[in-house]
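# Reading the structure
Here is what each chain is made of, one letter per residue.
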Amino acid sequence: MDTTGRYNEAPSTSNLGNDEDDFPLFEAFHEDDKVFDDDPDPRGWRESLRVVEVNTCRDINMPKHRTQAYDTEHLVIRRGQEFVLRVTFSRPVTPRDKFKLEFLIGSRASVRRRTLEEATFGTRRRGRWPGRIVESQGSWLLLGITPQADAIVGKFRMYVTIVTAKGLQRTKRDPDTDCYILFNCWNSEDSVYYPDDEGRQEYVLGDVGAIYMGSKETLLSRDWVFGQFDRGILDACIYILDASRMPIRNRGDAIKMVRKGSAVINSQDEDGVLVGNWSENFSGGTAPTLWTGSVNILLQYANTGSPVRYGQCWVFAGVFNTFLRCLGIPARVISNFNSAHDNNGNLKIELVFKSDGSADERNTQDSIWNYHCWNEVYMKRPDLPPRLSGWQVVDATPQETSDGLYRCGPASVLAIKEGQVGHSYDAPFIFAEVNSDVHYLTRDKYGNVISVYVDKTLVGKGLFTKHILADTPDEVTFTYKHPEGSPDEAKAMVAAQGFGLERDDAGAGQADSQITCSLSTQEAQVLLGKDVDLVVEFQSKSDTAQTVKALVTCAVIFYTGVLSNRFTSEAVEITMPPNKTERVVVKIRAQDYLKNLGFQRFLCFTLAGHGDTAYLNAMKVVYLQAPNLQLTVSGIQAVGQDMFVNVSFVNTFTFPLYNVTLAIEGPRTMTNRKRFYNILQPQASFNWKESFIPQITGKRTLVAVMSSANLCEIWGKVDFIVEEKLKDEED
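Residues numbered from 1 in each chain as written. Predicted model: local features only at pLDDT ≥ 70, side-chain atom pairs only at ≥ 80, totals over all residues. Heavy atoms only, no water.

## Details of the layout of surface pockets
- Estimates place the volume of the largest pocket at around 1,100 Å³.
- Taken together, 47 residues form the lining of the largest pocket, with Leu-351, Ile-368, Cys-604, Met-619 and Val-621 sitting closest to its centre.
- Examining the composition of the lining of the largest pocket, we find that 5 residues originate from one element, strand E34 (residues 615-625), more than from any other.
- Counted by class, the lining of the largest pocket contains 22 nonpolar, 16 polar and 9 charged residues. (1 Å grid on protein atoms, 1.4 Å probe; cavity = no way out; pocket = protein on both sides within 12 Å on 5 of 7 lines; lining within 4 Å. Points joined across faces, edges and corners; volume = space filled by probe spheres on them. Helix = DSSP H or I, 4+ residues; strand = E, 2+ residues; numbered from the N terminus. Nonpolar A, V, L, I, M, F, W, Y, C, P; charged D, E, K, R; others polar.)

## Here we look at empty space enclosed by the protein
- Using the criterion set out here, one finds 7 cavities of 30 Å³ or more in the structure.
- The calculated volume of the largest cavity comes to roughly 150 Å³.
- Lining the largest cavity are 16 residues, with Gln-312, Tyr-559, Phe-599, Gln-600 and Glu-713 sitting closest to its centre.
- Here the lining of the largest cavity is composed, by residue class, of 10 nonpolar, 4 polar and 2 charged.
- Roughly 60 Å³ of internal volume is contained in the second largest cavity.
- As for the second largest cavity, its lining consists of Glu-202, Tyr-203, Gly-209, Ala-210, Phe-226, Asn-321, Arg-325, Arg-332, Val-333, Thr-465 and Lys-466.
- When contributions to the lining of the second largest cavity are tallied by element, the ones reaching two or more residues are helix H2 (197-203), strand E12 (208-214), helix H6 (313-326), strand E16 (331-341) and strand E25 (462-466).
- By residue class, the composition of the lining of the second largest cavity is 4 nonpolar, 3 polar and 4 charged.

## Thoughts on the confidence of the model for the protein
- When the pLDDT values of the protein are averaged, the result is 91; 93% of them are 70 or greater.
- Confidence drops under pLDDT 50 across residues 35-45; counting only partners more than four residues distant or on other chains, this segment forms 24 contacts. (pLDDT = per-residue confidence, 0-100. Contact = heavy atoms within 4.5 Å.)

Structure, rendered in structure tokens:
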């Protein structure tokens, strides 16, 4: 972007690219300079004070700041909290000695832009970052410095500056004393303060999580390695901001940070991190189903500067979650089941059917994603009414533009629930994702498109995230919407319509019809490779017999609700006795859907028809479940010791698996490894064994996935506890 004429000089946008010695070793005073309130030494000189060593005290600071998990040689601290440095001088420091610490970020650092911060000590004039002498022994001082709770987040360069009678004498540029400053959810003055310690442990320190997929009825947990503490990830997250040219001065503002992040995690506008691909052709990249976590994606982007291929919504959400937690912002992944994607900017999802009951894809522009993943961040919203602080929706999946870029949020979850969608940012789009009505349309005998049925309960069927410190789903639907049909829900709808969202209540509901229908499966869980028994249930409220004619269509669909392959249809005709319920079972043979599956695992069954007095419509989406990978670990479960993991799988299907790819990784435990098999015949199995050396203690997790040319989305994980180093090894 050309900033000529807008600024006296272009804003600094590079954090990692400023490793040069950008401060003079000696900076002479001008005649009117006055650095401290007290007068210079009247003698004009004395034995000079020099800095011999600066120790960043990582072993003291990082545990107190809860940053010891970051795999880096540099100091990592959180803003708004004191950290200490031990500075050794050439002689004991006297009360008349004057010195300060200077912290710089970006180029052309200045106090006015807050990219140059000073910490002073004693009774002298204080900088914005309070400093104090914690301890003094001989020629060294232990200094305490407290960055402000709204300090810029990023990598700072540090200098110790001694004030002499003639000017400022600085230490030489030493990259070893660079430090990273992060957001601090433990500090009540920070905009990302989170009030509960268990939540902080999960939403900032948790480096493995669960992303929920499948359907609300068949809730599947896919484990994802966030890996925010792995080597190179913190620099990769800062590189993302540099590549997006986000001004350094804005990087202490959590709202601006997450909004920028939602734009640059996708590559749609600014050559960001991930290329989206919702086809079945993933040549030239990695299939979204084969990623085990965020680490490889972020490192590849940081090392090449080129967008990584490929991602879908859960990959965007997983990588964005890593970015947010790495910088210290409380974040979690949300899965919305039956998520509306409305192309008309209203609260209507229009599904069009032909007169014979088959779906009219050509004239259907809207879609209902079986699930869609986004993120929530926890923060104060000073730009909104105070009660709208807390969880905010942000979404990095490129769907619609916001202020000219593919990004979404932050939008207050409470504002969405209450229909207060006039507040920033992008609340109307998110409100529609969880509240749209589904209109079933067909053509009458004159060719006119008419609405025959409105389903007000299908969209936003359930929203889930990982439970705090437990491997179980936590339903958060009630935080987004009131119970269907309640007075509060009606009030929220009226409020949303007042901000311009259009809703059309035209069309009949089945509750008003004399004949209703529904679709279900005989088995609660439908297994991949097995026949599907689809139950069509008709219920009559009529006092007279009625004839029902309908067409049941079976198709393979993408998880975005888009048709992949329609493979069969069956006509159903039944005479309904008065006030009775009748069931018809339609058998779907495995051999019919298997040859059409490709990379998909969803079957969609639709019914369209009519009785003597009303139209009938119903839809059922089924997720085909497959067995998991089995993982076991062995060896001495201690830091620095050799351990082993075994990944096993038996092909219980009746068909061979071709071009099988396996991947496994674990944060601070094992870097990503892969294994390939050309073919895995029916009933054949494999056992893949890899060694690893855990680097940190506590609960550790390894996550594995498997994908093949004709089957995907098979995964597994193993949790284990790593103890401290063995005593004889420490000796």
